[in-house]
Amino acid sequence: MKAFVINRYKGPLEAAEVPEPEVGEREVLVHVRAAGLNQLDEKIRTGEFKQILPYKFPLVLGHDVAGVVLRVGAKVQAFKPGDEVYGRPRKDSIGSFAERISVPEADLALKPVTISFEEAASLPLAALTAWQALIVRGNVQPGQRVLVHAGAGGVGSIAIQLAKHLGATVATTVSAANVDFARELGADTVVDYRNEDFEQRLSDYDLVLDSLGGENLKKSLRVLRPGGKAIGISGPPDPAFAREAGLNPVLRLAIAGLSAGIRRQAGKLGVSYEFMFMHASGEQLGQITPLVDEGIIRPVVGRILPFERTVQALQEIDKGGVRGKTVISAP
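Residues numbered from 1 in each chain as written. Predicted model: local features only at pLDDT ≥ 70, side-chain atom pairs only at ≥ 80, totals over all residues. Heavy atoms only, no water.

Novice: What is the right way to read the overall build of the chain from this model?
Specialist: For the chain, the count of helices and strands is eleven helices and 16 strands. Projected onto the principal axes, the alpha-carbon positions of the chain cover approximately 55 × 45 × 35 Å. The buried share among the 331 residues of the chain stands at 54%. Within the chain, contacts between residues at least 6 apart in sequence are counted, and of these 67% link residues at least 24 apart. When the accessible area of the chain is evaluated, it comes to approximately 14300 Å², of which 49% is carbon and sulfur surface. Across the chain, the centroid of the 39 positively charged side chains sits 5 Å from that of the 38 negatively charged ones. (Helix = DSSP H or I, 4+ residues; strand = E, 2+ residues; numbered from the N terminus. Buried < 20%, exposed > 50% of the residue type's maximum accessible area, 1.4 Å probe, protein only. Contact = heavy atoms within 4.5 Å. Areas by Shrake-Rupley, 256 points an atom, 1.4 Å probe, with all protein chains shown as cover. Lys, Arg positive; Asp, Glu negative; His and termini not counted. Charge placed at Lys NZ, Arg CZ, Asp CG, Glu CD.)

Right, dumping it as C-alpha cells:
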C-alpha cells in the first residue's frame, strides 16, 4: 500500500510502497479517510524526540486518523467493519499517513456524526491534549481563570472551547488577525501578543496551558495566583514525565536538569510547573464525541490538502498562519 515514510532522522518524508499492516487480536484495521498534521510529526522527523520516542525505520508518520473500519481482531468488541472512527494511535502504532492503519481498539472512538472525516481527523491529538491538561491535570472548576496560549492553533482553539464549557473565565494570546476569531471561540480576554505583553494585562490565573515554552513559559508563571499551575506541552520535560515514560537513569537525570530552572522559579513564586505529553485514549475521545455533536466543541480546520501532497503539507507546517489544523484528505 502507499504511505509516506522517513528512512532516517532528519531525512525527507517520501512516498513509498509499504507492507499491509498486521492486525492484532485487539486491533482495528482502518481505511484512512483523513489524517491530521501535527508539530509532533515534524519533531519526530528531525529527531528532536529520539531519546524519548525512539523509532525504527522506515517509519510511517501521522498521529491523527479518521476513517472506516475494514476488519477487526478476534478480541475486538467495540467496533465492527463499516464503523466510522477516529483516534490518536499510541506511540508504537502511529502511521496515519498511509492508505490503511492498524490501531489498538483502546485508542479509537466512534466518529462524531455531525462532522466530516477531515474535521474528525483534526481533533484527536489536540482535543485529547486539551482534555488531559484542563480536566485530568488541571481539574478546572467553574469560575476559575485559565490562560490558553496560541489560541488560534490546533490545541489552543479546542482548549478555549473546552475551558468555557467547564465554566472557566478564559484568556488567550493570538496575533491581531485572530483576535475576533478567538472571541468567537469563547475567549473572554484576548491579548495580541505582537503588540501587547500578556504579563502586563493578566494576573491571578489558576491555570496556564503553555504550548510555546522558553520566555513565554517563564512569564506565564508570573501571571498565576499563589498555588496556581502552569502546564507545558512543548517542554521542558520534568522528572515526573521521565518516570512515567520509563526512561533510563541517565536520561532521567538529564531531564531533571532541563527543567530544574523553571521548577525552581515556580517554587519561588509559590506556583507549580508540570510537563505533559498527551497519551492515546479512546475512552476520553468517546467523552469528547458528544461535545462535538452537540456543538459545544467545533473542529477548526484551516487547510485541507489531498493525500498525494502530504510531503508538501509537512514541509509547510512550521510556516504557521493556519487557523487550527492542516488535514490530509485521502481518496
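Novice: Before we go on, may I ask you to explain the packing of aromatic side chains in this structure?
Specialist: In the structure shown here, the tally under the stated rule is five aromatic pairs. Judged by centre distance (5.1 Å) and plane angle (75 degrees), the rings of F4 and F307 are edge-to-face. Here F307 lies in the loop between β15 (301–306) and α11 (310–315) and F4 lies in strand β1 (residues 2–6), a separation of 303 residues in the sequence. Here F307 falls in the buried class, since its relative accessible area comes to 7%. Aromatic side chains F241 and F275 sit 5.1 Å apart centroid to centroid with 80 degrees between the ring planes, which places their arrangement in the edge-to-face category. Of this pair, F241 sits in helix α8 (residues 239–244) while F275 sits in strand β14 (residues 272–275), and the two are 34 residues apart along the sequence. Across the pair, F275 and F241 agree in class, each one buried. In this structure, K111 is placed above the aromatic ring of F117, and the distance from its NZ or CZ to the ring centre is 5.1 Å. The aromatic ring of Y205 is capped on one face by R145, whose charged end is 4.6 Å from the ring centroid. (Phe/Tyr/Trp six-rings, centres within 6.5 Å; stacked < 30°, edge-to-face > 60°. Lys NZ or Arg CZ within 6 Å of the ring centre and 35° of its normal.)

Novice: Explanation requested: the packing of helix α3 (residues 124–137) against helix α10 (residues 282–293) in the structure shown.
Specialist: Helix-helix packing: each pair is described by the crossing angle between the helix axes and the interaxial distance. Running from N to C, α3 and α10 cross one another at 100 degrees; their axes reach a closest spacing of 10 Å. Considering the angle they form, α3 stands roughly perpendicular to α10. Two secondary-structure elements touch here, α3 through P124, A127, L128, W131, Q132 and V136 and α10 through Q284, L285, Q287, I288 and L291. In the contact of α3 with α10, the residues fall into eight nonpolar, three polar and no charged. (Axes fitted to C-alpha atoms, helices over the stretch in contact; angles between N-to-C directions. Parallel < 35°, antiparallel > 145°, perpendicular 65-115°, else oblique. Nonpolar A, V, L, I, M, F, W, Y, C, P; charged D, E, K, R; others polar.)

Novice: It is not clear to me how the side chain of Q161 should be interpreted in this structure. Could you clarify?
Specialist: Among the structural elements, Q161 can be located in helix α4 (residues 154–165). Not counting chain neighbours up to four residues away, the residues in contact with Q161 comprise L185, I296, I297, R298 and V300.

Novice: I keep staring at the packing of α3 against α4 and nothing clicks. Help me out?
Specialist: At a minimum axis distance of 8 Å, the contact between α3 and α4 shows a crossing angle of 50 degrees. Considered as vectors, α3 and α4 are oriented oblique to each other. Handedness of the α3/α4 crossing: right-handed. Residues A126, A127, T129, A130, W131, L134 and I135 of α3 lie in contact with α4, whose contacting residues are G154, V155, I158, A159, L162 and A163. (Left-handed = near helix turned anticlockwise from the far one by under 90°.)

Novice: What is the right way to read the sheet that holds strand β10 (residues 169–174) from this model?
Specialist: One key point about sheets: their strands pair by backbone hydrogen bonds, in either a parallel or an antiparallel sense. Pairing in this open sheet of six strands is parallel, and the strands run β11-β10-β9-β12-β13-β14 from one edge to the other. Edge strands, defined here as strands with exactly one partner in the open sheet, are β11 (189–192) and β14. The average undirected angle you get between the axes of adjacent strands in this sheet is 15 degrees. The pairing of strand β13 (residues 224–232) with β14 spans four bridges and is classified as parallel. By the bridge assignment, G232 is partnered in β14 with F275. (Pairing = 2+ DSSP bridges.)

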